[in-house]
Amino acid sequence: MRALILSDIHANLEALTAVLGAAGEWDVLWNLGDMVGYGGSPNEVLDVVRPLSTLTVRGNHDRVCCGLTSAVGFNPTARGAAMWTQAELSPENLAWLREVPQGPVYPEIEGDGAKVTLAHGSPLNEDHYISNMRDAWAPLQQMTTAITFVGHTHVQGGFSQKEHDWHELRPRYGGRNEAEQWTLPVPPGTRELINPGSVGQPRDADWRAAFAVYDTEAAEVVYHRVPYDLTAAQGRILMAGLPERLAARLREGR
Ligand code: ZN
């Protein structure tokens, strides 16, 4: 079974379109949340990703943008974007977003592939960032599945542990302007926290849209980066009246 894993699309339709075009064949789509917020195309993104997603967990921006919780804790730029998004979303998309479950969730896996967990932030707390080995330690010990897919940091990679060996996972790529992929074997006995990266607002100094594909039979995760129509995505943010910084940061990948 091939699972396409998307996280942090952030209302970037151009990035989502490029990712779906580059993803090839897949059997299920696991959506790790933060579908909206920051970007200029919230309804368009939800209209595309809703029917495709096999399983979705909500992100903190999804939760605030549909009015489930306030924007306390968001910086002024994120808060402004969330308020714009809430006003922009169709009643149908708002209602759907309010029903998206909080992580962790546990998808069905066909055959004898390893069982996995899906979460937006830490599987122990949806608002916590897993940015370093210290953050990763408790989830790596406590999760009931060997593999947990998380988003939230917008940094592609993750953390791995096999008995006494543990390290950060960081895909290595050659360029910055074309589609590339990097394969991570996930043999039995390893425990992994895997972040597919952000589709719509990467923050790992690489502007290309990020995603991952988990192949349960091959026991491997393939990380991908793909270029997209950056100028169009920036134009939608500027034309919507959203802060210029939200457009500029897409080019910087941060
Ligand atoms: Zn996010």
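As shown above, the structure is provided for reference.
Just so it is clear, the model here is predicted, and its values are computed rather than measured.

Engineer: Go over the sheet that holds strand β2 (residues 28–31) with me, naming the residues and quoting the values.
Structural biologist: An order of β3-β2-β1-β10-β11-β8 is seen for the six strands of this open sheet, with the pairing classed as mixed. Among the strands making up the open sheet, the edge pair consists of β3 (55–56) and β8 (180–185). In this structure, β8 lies alongside strand β11 (residues 220–226), joined through six bridges in antiparallel fashion. The residue of β11 that forms the bridge with Leu-184 is Val-221. In this fold helix α1 (residues 13–22) packs onto β1 (2–6), β10 (209–215) and β11, with an angle of close to 35° to the strand it touches most, β10.

Engineer: With reference to specific residues and values, describe the coordination of the zinc ion.
Structural biologist: Protein-derived ligands of the zinc ion are Asp-8 (OD), His-10 (NE2), Asp-34 (OD) and His-154 (NE2), with the metal-ligand distances lying across 2.1 to 2.3 Å. Viewed at the metal, the four donor atoms of the zinc ion are separated by angles of 85 to 178°, and the geometry they form is irregular. The sequence motif formed by the donor residues of the zinc ion is D-x1-H-x23-D-x119-H. Pair noted here: Asp-8 is in the loop between β1 and α1 and Asp-34 is in the loop between β2 and α2 (42–52), with a separation of 26 residues, a long-range link. Across this residue pair, the class does not change: Asp-8 and Asp-34 are buried.

Engineer: Explain the nonpolar core to me, and be specific about the residues and the numbers.
Structural biologist: Core analysis: the biggest nonpolar cluster contains 42 residues, and Leu-6, Ile-9, Phe-211 and Tyr-228 have the highest contact counts within it. Examining the composition of this core, we find that five residues originate from one element, α1, more than from any other. For Tyr-228, the contacting residues outside a window of four places in its chain are Asn-12, Glu-14, Ala-15, Ala-18, Gly-200, Trp-207, Ala-209, Ala-233 and Leu-250. In terms of nonpolar packing, the next biggest core, distinct from the first, is built from 22 residues, Trp-30, Leu-32, Ile-147 and Tyr-223 among them.

Engineer: Summarise the sheet that holds strand β4 (residues 116–118); cite the residues concerned and give the values.
Structural biologist: Strand order in this open sheet of five strands is β4-β5-β9-β6-β7, and the pairing throughout is mixed. Of all the strands in the sheet, just β4 and β7 (165–169) have a single pairing partner and so form its edges. Averaged over all adjacent pairs, the angle separating strand axes in this sheet is 10°, with direction ignored. Note: strand β5 (residues 147–149) against strand β9 (residues 191–195), three bridges, orientation parallel. Looking at β9, one finds that Phe-149 is bridged to Ile-194.

Cut-offs and rules
- Residues numbered from 1 in each chain as written.
- Predicted model: local features only at pLDDT ≥ 70, side-chain atom pairs only at ≥ 80, totals over all residues.
- Heavy atoms only, no water.
- Pairing = 2+ DSSP bridges.
- Helix = DSSP H or I, 4+ residues; strand = E, 2+ residues; numbered from the N terminus.
- Contact = heavy atoms within 4.5 Å.
- Axes fitted to C-alpha atoms, helices over the stretch in contact; angles between N-to-C directions.
- Donors = N, O, S within 2.8 Å, 3.2 Å for Na, K, Ca; no water.
- Tetrahedral: all angles 85-135°; square planar, octahedral: opposite > 155°, others 65-115°.
- Buried < 20%, exposed > 50% of the residue type's maximum accessible area, 1.4 Å probe, protein only.
- Core = buried A, V, L, I, M, F, W, Y, C linked by side-chain atoms within 4.5 Å.

Limitation: the analysis is restricted to geometry and does not speak to function.
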